[in-house]
Amino acid sequence: MVGVNKLKTMYEQMVTARHYEERLVDEYLVGKEPAFDISAGPIPGELHLAAGHEASGAGVCIHLRNDDTVTGPHRPHHIAIAKGVDLKRMTAEIFGRETGLCRGKGGHMHLFDPDVNFACSGIIAQGCPPAVGAALAAKKRNTDAVAVAFLGEGAIDQGGFLESLNLAAVHDLPVVFVIEDNDWAISMPKDRVTDVADGSKRAWGFDLPGVRVDSDDALAVAEVAGEAVMRARDGNGPTLIEVQVHRRMGHFMGDAEAYRPEADIERAKQRDSIDRLADDLRSHGVTDDDIDEIRERAHERVEDAITWAKKQPEPDPEEAYENVFTNPPATAATDGGENGGAN
Amino acid sequence: MVGVNKLKTMYEQMVTARHYEERLVDEYLVGKEPAFDISAGPIPGELHLAAGHEASGAGVCIHLRNDDTVTGPHRPHHIAIAKGVDLKRMTAEIFGRETGLCRGKGGHMHLFDPDVNFACSGIIAQGCPPAVGAALAAKKRNTDAVAVAFLGEGAIDQGGFLESLNLAAVHDLPVVFVIEDNDWAISMPKDRVTDVADGSKRAWGFDLPGVRVDSDDALAVAEVAGEAVMRARDGNGPTLIEVQVHRRMGHFMGDAEAYRPEADIERAKQRDSIDRLADDLRSHGVTDDDIDEIRERAHERVEDAITWAKKQPEPDPEEAYENVFTNPPATAATDGGENGGAN
Amino acid sequence: MATESRDVTEAAETERELTMSRAMVEAIAWEMRNDEDVFIMGEDIADYGGIFSSTTGLLDEFGRDRVMDVPISETAYLGAAVGAAQAGMRPIAELMFVDFFGVAMDQIYNNMAKNTYMSGGTMSVPMVLTTAVGGTYNDAGQHSQTLYGTFAHLPGMKVVVPSTAYDAKGLMHSAIRDDDPVVYMFHKRLMGLGWMPSPSGPKTAVPKDDYTIPFGEADVKRVGDDVTVVTLGLHVHRAMEAASQLEDDGIDAEVIDLRTLVPLDTDTILDSVRKTGTLLVVDEDYQSFGVTGEIIARAAEGALDDLSAVERLAIPDVPIPYARPLEDEVIPGTDDIAAAVRDLHE
Amino acid sequence: MATESRDVTEAAETERELTMSRAMVEAIAWEMRNDEDVFIMGEDIADYGGIFSSTTGLLDEFGRDRVMDVPISETAYLGAAVGAAQAGMRPIAELMFVDFFGVAMDQIYNNMAKNTYMSGGTMSVPMVLTTAVGGTYNDAGQHSQTLYGTFAHLPGMKVVVPSTAYDAKGLMHSAIRDDDPVVYMFHKRLMGLGWMPSPSGPKTAVPKDDYTIPFGEADVKRVGDDVTVVTLGLHVHRAMEAASQLEDDGIDAEVIDLRTLVPLDTDTILDSVRKTGTLLVVDEDYQSFGVTGEIIARAAEGALDDLSAVERLAIPDVPIPYARPLEDEVIPGTDDIAAAVRDLHE
Ligand SMILES: Cc1ncc(C[n+]2csc(CCOP(=O)(O)OP(=O)(O)O)c2C)c(N)n1
Ligand SMILES: Cc1ncc(C[n+]2csc(CCOP(=O)(O)OP(=O)(O)O)c2C)c(N)n1
Ligand SMILES: [Mg+2]
Ligand SMILES: [Mg+2]
């Protein structure tokens, strides 16, 4: 059972994520208007926003501890926030600053926070095997830590995910796979790329339990995820979960969504998991004032993070040569010999 | 229904394959005794023999035409023979001769015979995607040709196989996947690497039909495969079949099988699908004389192929530089510039 | 079908300038119109028209059967392209970013590239693998590589890297008609996308008719006596800009656009180096064990006595970082090229 | 833990010669005994002891929890090794043949090699990827490659290629203790397998105690004044044999065993080339865009004025063919090396 305190926490995380991304849109568009140039402005490069996915990040991560591992996909903000990734340093990373989580080397698809065991990969499904590895490490060390891999519904056709199901199953590893089904893989609707409407069915061929949560009802997600995480923590092996979420925006910033029916865009925007969870809170006796307070706190936290991040220094160009190795070889020969450090 | 003529054909193919491999053992060991040196003798390199797998090759390929495509794995002889690959040129290839199927470039794991649309890959499960592609080509060209991909039970955990199931399913392609379950992947018993005892279950997660044939009864295989091939030919999409076969020998020549319980080796040798099919033939009224005649014909064909192959010339070393491209670039610069053709 | 028809059609066509993406698509469409066996597969290539506009408009003309969106299963669909090619079709298959090669490299390398040789020439694999390469827009280490050297190192594939619309069209015609597997690497920054402005060089006059550009012929973009600059892709344009700057200093650089890495036009490089005596290789791939080393080695093998100095500029053996100052540091810029040429000239 | 303890222990140990496979396993076992976080995963590494005897006996001593057979799912288990390493363990993961890299290259390259950099150094990936390389036993194009250049080209992994039992042990200790991902490429022909006889060189005296060999230090196997021969792996032994033959002709070759490709010991190469003036690079990988080009380029960059001739021997940009006369043709042999040195010496 997911009590009211947890629901409040989830709500706060979801509001934080949503507001965070709304604010990122503003910041991202600086320097990109009127002509959109992906490499211009304070936040260059691709930006994949998760508005509409929040219920899945919050509903799953509410059950996790710092020593549990989460691997995220290319659309990671809501998950990172729910997992407790440092919001200031994450924002600084997205702004490409020296004090960012990855010192400006990773950017928004590659957020790494070892303090809360969070990592991403921008390659489809490729966060799954490392999550299995984290679960394997937990098992070997006899801790009761678990690992969770998030992926999109478009990733369920990728070998790296499918192989991971089997490896996790055969060793009964404490890992939960969470498919975020937002109906689209960029421009491809799911029925164009697979016959299986319910992605959790993929589990069947590996003798694993698969469960689908048919709406982005955060409470429902939290209940299903709670069972899966407990199952993993108790040493009873992996679970595959699919959660129906919605993509409220384009695939990435700049995507005009010409391929997407108007009605589908409207539908995605109507179903708001955040409003629904607010109603749930109210039905648990949480007052509108309390809810407003949570919202305000979340908004403030977001503003603080963004303000802080924008004040951070950019990395010195010479830092590009650092961190290839944790233990850099003594010889300077590694990076191109006498001509290393090209520019 | 599989009539007696087809059963006779299957029997002949199975006897051919078994005898062929028995003879290959002799030839392979030439120059490798008393000390086994994998690179010595007339047939160097790895040699994976399929004794005990014959029912699957014959039972499936009996339904195929020359314009149907088959992709084989690293253990391909019985399948190649059942598909009608030129036995002489295949043997010359295994002996590394100029007139071999691949002019001595491929060897036994890489048999290509475009006349009957047969190809192999020595990389686990990697024959599956090209089979899907052949099926796609057939569909695009509106022929009723089909494609069949063979793989071992050890290959069902490999992304290339799993992705292929989905791609075939979503386009309803005329392709049949055949898992040959011989209980072992080199030294690894299947329950060490997957939780699923019945590999055909992998189909479930892709909304595909999966069928297992629980013994290497060639007739049973032929019946199941017949349905699957017809389904494909009629435009009704792919099927996954698993056939229980037996590995009567080591994984490859030279494998002492120290990891394998004596009893398991004995069990594999006792169940002989060839004897069983002979009994089936008898019950269909085929006489012992007829059966002997088939056997003799098969043996003769094998001897002819081996005798012919051994008389073939070895390739000229200079041929190593040919066939990188079908359409070699005009400039000699491709293979290493002025120093190309190293030796 | 005209070959190198630039001269013939130039008069009529100079008015019509195309972006590199439009030129690529024009060649693909021509071939699809003229050969039923040509079709194209990839992620988001149908309705979206390719993330980098490499397939814009093809769905409308040719329909879903010939312009196929595929699952995010690169191993399966690139391998399926191999199978279809072996069956006699001429598939074009797009790998959205070259950086994703690792999920499908077995099909690319062990099947697509090797089956012709392994089959002793009895099979052909007439397919084109198109893929977007390159950085300069801060997309970080998993989306900004060129991997030129990785593909060129492994025998069996022809490797094409166009730098202008004219070349993009002619090389695409050649690629589709070629009976061998061709890896066609287009640089995002050169495509002429509204949202990723190109430098001025890649948009060129492009004949309406079809024409081919043979593989293995480098293009001397600028004749010069002092220093040879060998490069490809985006850096052709940076090298040309640097050469203009250098003119003012009285340095006369020769700029060579390789256009194809396999086959490699060693002769053109050697002729130039024999003339100038100095060689700068500029590349957007990782420095060590790649393109720059190979070009320098070929020059050393073929013209050692004429060589008085060599130098290279490439990604300095680090993954490609996200933040602008870091990415700018590792990708060779116009000024870096000019400075290196000046050094060599001294 | 001794470093380069050859001198100290030599007296006591010269009697004990080991094959390269025994030396590798001895180092792995020592590290597993001394560090609970070290474990090993791979196909057929438990009961079988590794197809090339790279793990013989480990199952008996350490049991199935630490010596894990895995499904034929290279992406999953190599990626799992990355995840376990990031969680603080020190996995060793075997890729049975390097030729299979293509089914798992994304985990190897985009995660194992890059995560340290992409995380700005906040994550480490202390894992060892062991893999068998090389031909000479007629296993054809999908099982005979070395792919040295492919791995060395992509930054973020250290790349180790031992050529003797002594080096194999010391480099393995270093690899396991290193906080970075190390690709440890062992040549099948050097392992000392009963069924694939080694040349006489790789079996050496090996100290019983643990010791490390630092990465980035090439080994000058033979000092000579006339020609520099740079090589690695199996070809160290072929080059040494060639050098013996050449002695009779009065040609004094210097033979350098690189031992690690990343980091690369450029200084040792340059010192030698400055002395001899001529350079032959011998490699079992494909010729173009690989190891040989890089070594020649470094020599040209660093010692152009001292260089009077360069030459290379490698696989001539063809997949590796099966039949004996064909494979023999493409893999450089002792005689090829001797002939090339003679040419250079003229
Ligand atoms: C192996 C690989 N192929 C393709 C891509 C390009 N790509 C990035 S996101 C994406 C769509 C993913 O869809 P889905 O998994 O449903 O996640 P969503 O974006 O909907 O959250 C694709 C194809 C990639 N990053 N990696
Ligand atoms: C991707 C890949 N991984 C590993 C191997 C090495 N290998 C060759 S055969 C084999 C076992 C295959 O077992 P199975 O699929 O059951 O076929 P069987 O040999 O039993 O017929 C392995 C692991 C390979 N060829 N390709
Ligand atoms: Mg999606
Ligand atoms: Mg098997």
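Residues numbered from 1 in each chain as written. Chains lettered and ligands numbered in written order. Predicted model: local features only at pLDDT ≥ 70, side-chain atom pairs only at ≥ 80, totals over all residues. Heavy atoms only, no water.

### Re the overall build of chain C
To be explicit about the condition: Elements are defined by DSSP. Helices are runs of H or I of four residues or more, strands are runs of E of two residues or more, and each kind is numbered from the N terminus. Note on method: radius of gyration uses C-alpha positions; expected globular size equals 2.2 Å times residues raised to 0.38. The contact criterion used is simple: two residues touch if any of their non-hydrogen atoms lie within 4.5 Å. Accessibility throughout is a Shrake-Rupley quantity obtained with a 1.4 Å probe, and a residue counts as covered only by protein chains that appear here. Residues counted as positive are Lys and Arg, residues counted as negative are Asp and Glu, and His and the chain ends are not counted. By convention, the point assigned to a charge is CZ for Arg, NZ for Lys, CD for Glu and CG for Asp.
Within chain C, the secondary structure is distributed over 13 helices and 16 strands. Radius of gyration (C-alpha) of chain C: 19 Å, near the 20 Å computed for a compact globule of 346 residues. Taken along the three principal axes of its C-alpha coordinates, chain C extends 60 × 45 × 45 Å. For chain C, the proportion of contacts with a sequence separation of at least 24, taken over those separated by at least 6, is 82%. Total accessible area computed for chain C in this model is approximately 8200 Å², and 43% of it derives from carbon and sulfur atoms. A gap of 4 Å separates the mean positions of the 25 positive and 59 negative side-chain charges of chain C.

### With respect to the pattern of salt bridges
Operational definition: By definition here, a salt bridge exists when the distance from a side-chain nitrogen of Lys or Arg to a carboxyl oxygen of Asp or Glu is within 4 Å. Exposure classes here rest on a 1.4 Å probe applied to the protein chains alone. A residue is buried below 20% of its type maximum, exposed above 50%, and partly exposed in between.
Per the stated rule, a full pass over the model turns up 106 salt bridges over all chains. Among the salt bridges present, the one from Asp-157 of chain B reaches Arg-202 of chain B, with a minimum N-O distance of 2.5 Å. Placement of Asp-157 of chain B in the loop between β3 (147-152) and α6 (159-170) and of Arg-202 of chain B in the loop between α7 (190-193) and β7 (210-213) is noted, with a sequence separation of 45 residues between them. Of the two residues examined, Asp-157 of chain B and Arg-202 of chain B, each falls in the buried class. Here Arg-222 of chain D and Glu-247 of chain D are joined by a salt bridge, their closest N and O atoms 2.5 Å apart. Taken together, the residues Arg-222 of chain D in strand β11 (residues 219-222) and Glu-247 of chain D in helix α9 (residues 234-248) connect sequence positions 25 residues apart. Given a relative accessible area of 14%, Arg-222 of chain D falls into the buried group. Glu-247 of chain D sits in the partly exposed class, given a relative accessible area of 47%. Residues joined by salt bridges that share partners form a network here, namely Asp-181, Asp-183, Lys-190, Arg-212, Asp-214 and Glu-242 of chain A.

### Here's the deal with the relation of the copies chain D and chain C
Short version of the rule: Each copy is superposed on the other by least squares, with the fit set by C-alpha atoms of residues at a pLDDT of at least 70 in both.
At an RMSD of 0.0 Å, chain D and chain C line up after a rotation of 180° and a shift of 0.0 Å along the axis. Here the two chains are linked by the operation of a two-fold rotation axis. Same-surface contact between copies: 100% of interface residues of chain D are shared with the interface of chain C.

### Description of the interface of chain D and chain C
Test applied: A 1.4 Å probe defines the accessible area here, and the buried area is the portion of it lost by two parts on being joined, summed over both. Between N or O atoms, a polar contact is any pair within 3.5 Å; within protein, one atom must be a potential hydrogen donor and the other a potential acceptor, and residues adjacent in sequence are included only when both atoms are from side chains.
Contacts between the two partners involve 50 residues from chain D, matched on the other side by 50 residues from chain C. Regarding the contact of chain D and chain C, the summed buried area is about 4300 Å², with carbon and sulfur atoms giving 64% of it. Sorting the residues of chain D by area buried against chain C places Tyr-117, His-153 and Phe-289 of chain D first, and these three jointly supply 21% of that buried surface. Linking chain D with chain C are four salt bridges, by the criterion used here. Here Glu-294 of chain C ties to Arg-312 of chain D by a salt bridge, and the two come within 2.8 Å at their closest N and O atoms. Taken together, chain D and chain C are joined by 28 residue pairs in polar contact (both at pLDDT 80 or more).

### Re the packing of helix α1 (residues 4-29) of chain B against helix α2 (residues 54-61) of chain B
Residues and elements named next belong to chain B. Our working rule: Here an angle of 0 to 180 degrees is reported between the N-to-C directions of two axes, which are lines fitted to C-alpha atoms, with helices fitted over the stretch in contact. Handedness of a helix crossing follows the sense of rotation of the near helix relative to the far helix, less than a right angle counterclockwise being left-handed and clockwise being right-handed. Basically, the charged four are Asp, Glu, Lys and Arg, the nonpolar ten are Ala, Val, Leu, Ile, Met, Phe, Trp, Tyr, Cys and Pro, and anything else, Gly included, counts as polar.
Two numbers describe how α1 lies on α2: the axes approach to 9 Å, and their chain directions differ by 145°. Taken as a pair, α1 and α2 cross one another with a handedness that is right-handed. Packed against α1, whose contacting residues are Met-10, Gln-13, Met-14, Ala-17 and Arg-18, the element α2 presents Glu-54, Ala-55, Ala-58 and Gly-59 at the interface. A per-class count over the contact of α1 with α2 returns five nonpolar, two polar and two charged.

### Focus on the interface of chain B and chain D
Opposite the 54 residues of chain B that make contact, chain D presents 50 residues. With both chains or domains summed, chain B and chain D bury close to 4000 Å², and 57% of this area falls on carbon and sulfur atoms. In this structure, the connection of chain B to chain D is made through two salt bridges. Salt-bridge contacts for Arg-192 of chain B lead to Asp-69 of chain D; the nearest nitrogen and oxygen are separated by 2.6 Å. Its residues assigned to classes, the side of chain B that touches chain D shows 21 nonpolar, 20 polar and 13 charged.

### Quick notes on the site of ligand 2
Applicable threshold: One heavy atom within 4 Å of a molecule or strand is enough for the residue carrying it to be called near that molecule or strand.
In the neighbourhood of ligand 2, 21 residues make up the surrounding shell, with His-74, Arg-75, Asn-182 and Trp-184 of chain B together with Glu-74 of chain D lying closest. Around ligand 2, the neighbouring residues derive from chains B and D rather than from a single chain. Separating a nitrogen atom of ligand 2 from a backbone N or O atom of Gly-122 of chain B is a distance of 2.9 Å. A distance of 2.8 Å is found between an oxygen atom of ligand 2 and a side-chain nitrogen or oxygen belonging to Asn-182 of chain B. Here ligand 2, which alone exposes 580 Å², has 98% of that area covered by the protein. Residue composition of the shell around ligand 2, by class: 10 nonpolar, seven polar and four charged.

### Regarding the confidence of the model for chain C
Residue and element names in this part refer to chain C. Selection rule: Predictor confidence is given residue by residue as pLDDT, running from a minimum of 0 to a maximum of 100.
Per-residue confidence for chain C gives a mean pLDDT of 96; residues scoring 70 or more make up 96%. Low pLDDT (under 50) marks residues 1-11, which in the prediction has 17 contacts with non-local residues, meaning those over four places away or in another chain. Scoring the predicted complex yields pTM 0.97 and, for the interface, ipTM 0.97.

### Digging into a negative patch on the surface
Residues and elements named next belong to chain A. Applicable threshold: Exposure above 30% relative accessible area and the absence of a salt bridge qualify a residue for a patch, where like charges join within 9 Å and nonpolar side chains (Val, Leu, Ile, Met, Phe, Trp, Tyr) within 5 Å.
A surface patch of negative charge is lined by Asp-289, Asp-290, Asp-292, Glu-296, Glu-300 and Asp-304. Mapped onto the fold, Glu-296 is located in helix α11 (residues 288-311). Given the relative accessible area of 55%, Glu-296 is considered exposed.

### Brief notes about the environment of Asp-225 of chain D
All names here are of chain D. Along the polypeptide, Asp-225 turns up in the loop between β11 and β12 (227-231). Residue class for Asp-225 comes out partly exposed when judged on its relative accessible area of 47%. Between the C-alpha atom of Asp-225 and that of Asp-252, which follows or precedes it by 27 residues, the distance is 5.7 Å. Not counting residues within four places of it along the chain, the set of residues in contact with Asp-225 comprises Asp-252, Lys-275 and Thr-276.

### Some thoughts on the site of ligand 1
Lining the immediate surroundings of ligand 1 are 21 residues, of which His-74, Arg-75, Asn-182 and Trp-184 of chain A together with Glu-74 of chain C lie closest. Neighbouring residues of ligand 1 are not confined to a single chain but are spread across chains A and C. Within the backbone of Trp-184 of chain A, a nitrogen or oxygen atom sits 2.8 Å from an oxygen atom of ligand 1. Here ligand 1 has 580 Å² of accessible area as a free molecule, and 97% of this is covered by the chains. When its residues are assigned to classes, the shell around ligand 1 shows 10 nonpolar, seven polar and four charged.

### Quick look at the coordination of the magnesium ion (ligand 3)
Residues and elements named next belong to chain A. Here is the rule we go by: Donor atoms: N, O and S within 2.8 Å of the metal, or within 3.2 Å for Na, K and Ca. Because water is excluded, sites can look incomplete.
Binding of the magnesium ion (ligand 3) to the protein goes through Glu-153 (OE), Asn-182 (OD1) and Trp-184 (O), at separations of 2.1 Å. Mapped onto the sequence, the residues coordinating the magnesium ion (ligand 3) show the spacing E-x28-N-x1-W. Note that Glu-153 is positioned in the loop between β3 (147-152) and α6 (159-170) and Trp-184 in strand β5 (residues 184-185), a separation of 31 residues in sequence. Judged by its relative accessible area of 10%, Trp-184 falls in the buried class.

### Overview of the coordination of the magnesium ion (ligand 4)
All names here are of chain B. In the first shell of the magnesium ion (ligand 4), the protein supplies Glu-153 (OE), Asn-182 (OD1) and Trp-184 (O), at 2.1 Å from the metal. Along the chain, the residues donating to the magnesium ion (ligand 4) fall in the pattern E-x28-N-x1-W. One end of the pair, Glu-153, is in the loop between β3 and α6; the other, Asn-182, is in the loop between β4 (175-181) and β5 (184-185), with 29 residues separating them in the sequence. Given the relative accessible area of 4%, Asn-182 is considered buried.

### Looking at the nonpolar core
Condition: To define a nonpolar core, start from buried Ala, Val, Leu, Ile, Met, Phe, Trp, Tyr and Cys residues and group those joined through side-chain atoms within 4.5 Å.
One finds Phe-161 of chain A, Phe-161 of chain B, Phe-151 and Leu-261 of chain C together with Phe-151 and Leu-261 of chain D to be the most contacted residues of the largest nonpolar core, which totals 409 residues. Those residues in contact with Phe-151 of chain D that sit more than four places away from it in its chain are Val-98, Phe-101, Met-105, Ile-108, Met-157, Val-159, Val-183 and Met-185 of chain D.

### Focus: the packing of helix α10 (residues 273-283) of chain A against α11 of chain A
All names here are of chain A. Heads up, the rule is: Oblique is the label for any angle not under 35 degrees, not over 145, and not in the 65 to 115 range, which are roughly parallel, roughly antiparallel and roughly perpendicular in turn.
Direction vectors running N to C along α10 and α11 enclose 140°, while the axes themselves pass 10 Å from each other. Between α10 and α11, the angle falls in the class oblique. Crossing of α10 over α11 shows right-handed handedness. In contact with Ile-274, Ala-278, Leu-281 and Arg-282 of α10, α11 contributes Asp-288, Ile-291 and Arg-295. Classifying every residue of the contact of α10 with α11 gives four nonpolar, no polar and three charged.

### Quick word on the domain arrangement of chain C
All names here are of chain C. We apply this condition: These domain boundaries are the output of an automatic or database domain assignment.
What the domain assignment reports for chain C is domain 1 (7-212) and domain 2 (219-345). Measuring from the centre of the C-alpha atoms in domain 1 to the corresponding centre in domain 2 gives 25 Å. If you look at the interface, domain 1 gives 31 residues, while domain 2 gives 26 residues. The junction of domain 1 with domain 2 conceals about 2200 Å² of combined surface from both sides, 58% of it contributed by carbon and sulfur atoms. Of all residues in domain 1, the largest losses of buried area upon contact with domain 2 belong to Thr-136, Asn-138 and Tyr-148, amounting jointly to 25% of the total for that side. Linking domain 1 to domain 2 there are one salt bridge. Residues Asp-167 and Arg-259 are paired through a salt bridge, measuring 3.1 Å at the closest nitrogen-oxygen approach. In this assembly, domain 1 and domain 2 are joined by 15 residue pairs in polar contact (both at pLDDT 80 or more).

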